[in-house]
There are 2 protein chains.
Amino acid sequence: MLIKDVSLLQSGAILKGRDILIEGNRISKIGRDLKDETEEETIDGHGKLAIPGLVNSHTHLAMTLFRGYADDMALMPWLTEKIWPLEARLTKEDVRWGVKLGCLEMIRFGITCYNDMYYFMDETAAVTKEMGLRAFLSGVLFDARPELTGEAEAFLKDWSEDDLIHPAVGPHAIYTCSEETLLRARDLAEKYGTMLHIHLSETKGEVEDSIKKHGQSPVEYLDSLGFLSNRLVAAHCVWLSEKDIMLLAQRGVNIAHCPVSNLKLAAGIAPVVSLMKAGANVCLGADGASSNNNLNLFEEMKIMAIVQKTACRRPDVMPAEEVWKIATENAYKAFGLNMGLREGALADLSLIDLKKPWFTPETSIRSHLIYSMTGGVDTTIVNGQMLMKNGVIPGEAEILERAQAQFERLTA
Amino acid sequence: MLIKDVSLLQSGAILKGRDILIEGNRISKIGRDLKDETEEETIDGHGKLAIPGLVNSHTHLAMTLFRGYADDMALMPWLTEKIWPLEARLTKEDVRWGVKLGCLEMIRFGITCYNDMYYFMDETAAVTKEMGLRAFLSGVLFDARPELTGEAEAFLKDWSEDDLIHPAVGPHAIYTCSEETLLRARDLAEKYGTMLHIHLSETKGEVEDSIKKHGQSPVEYLDSLGFLSNRLVAAHCVWLSEKDIMLLAQRGVNIAHCPVSNLKLAAGIAPVVSLMKAGANVCLGADGASSNNNLNLFEEMKIMAIVQKTACRRPDVMPAEEVWKIATENAYKAFGLNMGLREGALADLSLIDLKKPWFTPETSIRSHLIYSMTGGVDTTIVNGQMLMKNGVIPGEAEILERAQAQFERLTA
């Protein structure tokens, strides 16, 4: 596959008129006047910007089926009256269409890889593969449902060799998992060499309860279990002490910051600038569509940047280039992905149409991507495969219809 | 003009299969199986939602030409090193293409009316009329440029009879306008029966300076001048005392809340929930694209809602229906506009394509409009005129090119 005459970013500058040659699942060459010997597919990149894939570092993709079902509610009634009753009736088929719907949306926003925690992970893996996305998938672990732990190990074994699907281990949180479950999860991840995924210090209440129960913050408690390492993706990390921040940085924990979800659920504002200063690896996540309600990392980037500026009372913190790094390179590091717009990297990338009001005038393209862009990307390629070309995703209309029907069945 | 088989919202419910008949500049009928005797233009509304026009209650439209020129900077260097030097060289022609670019973007986001304060208002008015939008336009008044006051009165006279352009009076702020200028502005607005437009209590520094100088908050000071009334649109209102909130509500002042600009410039978070509780009329604005950096009220709605939830530590404040009212009915009230999707109202409306992942499943359409929608509207009609049909705005490519050329000239 060959992308002709496209623009791309290099160290903040825009390079025009470049060609990108994709062979197999890799970018094999970037330059001028390249030829594709296979002549399989040539894409006109004129007036478009190529960007490397974005990574949605924390989500519950099947919950896209619940989008807009319950909003503007306090946390406990939202869970007990709305979300848990739906989840109690959830079937594999619901997960199938929720995941497909979520994949559609991520493809439209240039997200080529996501990190998930939910139920029915076998189905999620199969559907993600059908849709062509890359994913790190953790079946959620809860003490209340001990059978999930056995399923988790089977899932690790079954998907250990896939090129797109990376199985991982996802104990839900310290307030839903016993020490035994947490240790078991840690050991499973080490045994199979996989990532770990947990919700951490999301609410003030979680921290207060931990101090009451363990005499330690959630971060300190997990550290005492040897749970903190660069294998871990810790979602949220809103309520952190200075010591927590130091620990997360020192242990190399990857933080999946979810600004929209945190704001919408009134969880709070994570100390992202302090985390970055301490050297922690901060990434970005959309969380589930039931608490967001979309899967648009461009929106997360803008909201993270402007909210941090106000939280720090300094408009010069979180400049555009730092924001962009969080959504791309920091995530590649977290998940060990050889991604980026360079020769030899995985062919996970998108094209964005620059002939739009929000990209005019041509001042700082990086700034436009974060502060003014809207409406998603134009073309998305993952692992060398075309998933969307010029705004068209094959089968989209059917997915929208089936997701609607599935939601009606679930809530009937 | 006839829109066939469209969906619309009524008291939160979605009504499908309705027709909207537009005659002249009004909605003349909403119902089923309507006929258009003129047979001028019929629009297929199947799978689309009609919404009434949104109002951008505070902006500086020509500054769209500066989009992305300077970001992530502290306020004073941003103004002194970047914005003021550009403005010192600004010509009528720059304003022409900046305003055209801004109109394009507003049309794409379903904004049918805007409230502006800037230089070269004659040109802004002429261009806005060419583009077909409705606007309230104030030539900015500064003590430093006394000649602007004379121009302001001429502008009020020249445009007093237009059906789209409503001239208004815009003293910049209490820290740039003397008491004499403020009183002159107030009297001009009364004499010509127009709106007043001012920046108010945007930063903590503005409030501290006012207390030092006048022994009063900016709101109290303006009240002492008889400046507060329902004729006034006060932009920002971030730093307010309890007494300020009461005064603004009691005097019927219209507040143009600009959440993205306030966050991006680190001005702070306006007490919107307290203002609403006190009965103040809160509207929404995008501010200039140089501090936003787009003109997308859907984004403002989402960010206002989620930031207020966290500021109040309550996810149930600012529910979707209240947010929608702020962007529509509150603004119609502020500007005395007979707008809304009902018979007899001005034909200012948009159509949105519902066959998108972010509108699936069909749960709460109001919630989707605020929390998940992306990418703007499909079709925009203002004053009975079609400005964009199925995503196409005639002349858009030329405007993008000319705006780019004009920016290059300005910064050469």
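This structure is a prediction, so every number in the text was calculated from the model and none was measured.

Calculation notes
- Residues numbered from 1 in each chain as written.
- Chains lettered and ligands numbered in written order.
- Predicted model: local features only at pLDDT ≥ 70, side-chain atom pairs only at ≥ 80, totals over all residues.
- Helix = DSSP H or I, 4+ residues; strand = E, 2+ residues; numbered from the N terminus.
- Rg over C-alpha atoms; globule rule 2.2 N^0.38 Å.
- Buried ≥ 20, exposed ≤ 12 C-beta atoms within 10 Å, placed from the backbone.
- Domains from an automatic or database assignment.
- Contact = placed C-beta atoms within 7 Å.
- Axes fitted to C-alpha atoms, helices over the stretch in contact; angles between N-to-C directions.
- Parallel < 35°, antiparallel > 145°, perpendicular 65-115°, else oblique.
- Nonpolar A, V, L, I, M, F, W, Y, C, P; charged D, E, K, R; others polar.
- Least-squares fit on C-alpha atoms with pLDDT ≥ 70 in both.
- Expected span 1.5 Å × (residues − 1).
- Pairing = 2+ DSSP bridges.
- Right-handed = clockwise from strand over helix to strand, strands pointing away.
- Left-handed = near helix turned anticlockwise from the far one by under 90°.
- Arc of directions from axis to C-beta.
- pLDDT = per-residue confidence, 0-100.

Some remarks on the overall build of chain A
- Counting its regular elements, chain A contains 15 helices and 16 strands.
- A compact globule built from 412 residues should have a C-alpha radius of gyration of about 22 Å, and chain A, at 21 Å, falls within 12% of that.
- Considered along the principal axes of its C-alpha atoms, chain A spans approximately 65 × 50 × 40 Å.
- The proportion of buried residues among the 412 residues of chain A is 59%.

Quick look at the domain arrangement of chain A
Residues and elements named next belong to chain A.
- Domain boundaries in chain A define domain 1 (2-52 + 341-396) and domain 2 (54-335).
- Each side of the interface is counted separately: domain 1 has 22 residues, and domain 2 has 21 residues.
- Looking at the side of domain 1 that touches domain 2, the elements that each hand over two or more residues are β5 (48-52), α14 (365-372), β15 (379-382) and β16 (385-388).
- Looking at the side of domain 1 that touches domain 2, the element that brings in the most residues is α14, giving five residues.

Here's the deal with the packing of helix α4 (residues 147-158) of chain B against helix α5 (residues 179-192) of chain B
All names here are of chain B.
- Running from N to C, α4 and α5 cross one another at 10°; their axes reach a closest spacing of 11 Å. Judged by the inter-axis angle, α4 sits roughly parallel to α5. Together, T149, A152, E153 and L156 of α4 and T181, R184, L188 and Y192 of α5 make up the contact between the two elements.
- Of the residues belonging to the contact of α4 with α5, the class tally is four nonpolar, two polar and two charged.

Points about the interface of chain B and chain A
- Counting from both sides, the interface comprises 55 residues of chain B and, opposite them, 55 residues of chain A.
- Among the elements of the structure, α2 (92-108), α9 (259-264), α11 (297-311), α14 (365-372) and α15 (396-411) of chain B are those that each provide at least two residues to the side of chain B that touches chain A.
- Residue composition of the side of chain B that touches chain A, by class: 26 nonpolar, 17 polar and 12 charged.

As for the relation of the copies chain B and chain A
- Its rotation angle being 180°, the transformation that places chain B on chain A also includes 0.0 Å of axial translation and leaves an RMSD of 0.0 Å. In the structure described here, the two chain copies are related by an operation that fits a two-fold rotation axis. Closest to the rotation axis within chain B is the C-alpha of B:G375, separated from it by 1.8 Å.
- A shared binding surface is used by both copies, with 100% of the interface residues of chain B retained as interface residues in chain A.

Regarding α2(B)
Residues and elements named next belong to chain B.
- With 17 residues, α2 ought to run about 24 Å at 1.5 Å a step, and its terminal C-alpha atoms sit 24 Å apart, in line with that.
- For α2, the buried fraction is high: 15 of the 17 residues fall into the buried class.
- Two residues or fewer past α2, G110 is found with a positive phi of approximately 75°.

Re the pairing of strand β8 (residues 134-141) of chain A
Residues and elements named next belong to chain A.
- With eight of its eight residues buried, β8 lies for the most part within the structure.
- A two-sided burial pattern is seen for β8, the buried positions comprising R134, F136, S138 and V140 on one face and A135, L137, G139 and L141 on the other.
- Sheet topology note: the strand β7 (residues 111-118)/β8 ladder contains six bridges and is parallel. Bridge pairing in β8 places Y118 opposite G139.
- Crossover connection from β7 via helix α3 (residues 121-131) to parallel β8: handedness right-handed.
- The pairing of β8 with strand β9 (residues 165-171) spans seven bridges and is parallel. Residue pairing for β9: S138 is matched across the bridge by A168.
- Regarding topology, helix α4 (residues 147-158) serves as the crossover connection from β8 to the parallel β9, and that connection is right-handed.

Description of the environment of B:S372
- Its location among the elements puts B:S372 in helix α14.
- Note: C-alpha distance between B:S372 and B:G344 (28 residues apart in sequence) is 31 Å.
- In contact with B:S372, not counting residues within four places along its chain, are A:R67, A:G68, A:N293, A:N294 and B:W358.

Points about the packing of helix α12 (residues 320-327) of chain A against α14(A)
Residues and elements named next belong to chain A.
- The N-to-C vectors of α12 and α14 enclose an angle of 70°; their axes lie 9 Å apart at closest approach. Comparing their axes, α14 and α12 come out roughly perpendicular. α12 and α14 meet at a crossing whose hand is left-handed. Contact residues: α12 offers A320, E321, V323 and W324, while α14 offers R366, S367, L369 and I370.
- Here the contact of α12 with α14 is built from residues that sort into five nonpolar, one polar and two charged.

Brief notes about helix α12 (residues 320-327) of chain B
All names here are of chain B.
- Among the residues of α12, those classed as buried are A320, V323, W324, I326 and A327. The arc that holds every buried residue of α12, seen down its axis, measures 155°, which confines them to one face.
- Of the surrounding secondary structure, the elements contacted by the buried residues of α12 are β6 (54-59), β13 (281-284), α11, α13 (329-335) and α14.

Let's talk about unusual backbone geometry
Residue and element names in this part refer to chain A.
- Here the amide bond leading from N292 into N293 is cis, since omega sits at 10°, within 30 degrees of zero.
- By the secondary structure assignment, N293 is in the loop between β13 (281-284) and α11 (297-311).
- Backbone geometry places D72, a non-glycine residue, at a positive phi of 60°.
- If you check the backbone angles, D287 has positive phi at about 60° while not being a glycine.
- One can find D287 in the loop between β13 and α11.
- D287 gets classed as buried once you count the C-beta atoms within 10 Å, which come to 28.

Description of the confidence of the model for chain A
- When pLDDT is averaged across chain A, the result is 96; 100% of the residues are at 70 or more.
- Model confidence for the complex is summarised by a pTM of 0.98, with the ipTM given as 0.97.

Some details on the pairing of strand β9 (residues 165-171) of chain B
- Across the seven residues that make up β9(B), a large majority, seven, are buried.
- Taking every second residue as pointing to the same face, both faces of β9(B) are buried, with B:I165, B:P167, B:V169 and B:P171 on one and B:H166, B:A168 and B:G170 on the other.

A short note on the environment of A:D209
- The topology assignment puts A:D209 in helix α6 (residues 204-214).
- In the structure, A:D209 is positioned 155 residues away from A:L54 in sequence and 35 Å away in space, judged by C-alpha atoms.

Structural notes on the environment of B:N338
All names here are of chain B.
- Structurally, N338 can be placed in the loop between α13 and β14 (349-353).
- Expressed as a C-alpha distance, the spacing of N338 and D348, which sit 10 residues apart in the sequence, is 9.8 Å.
- Ignoring anything within four residues of it in the chain, the contact list for N338 reads A345 and L346.

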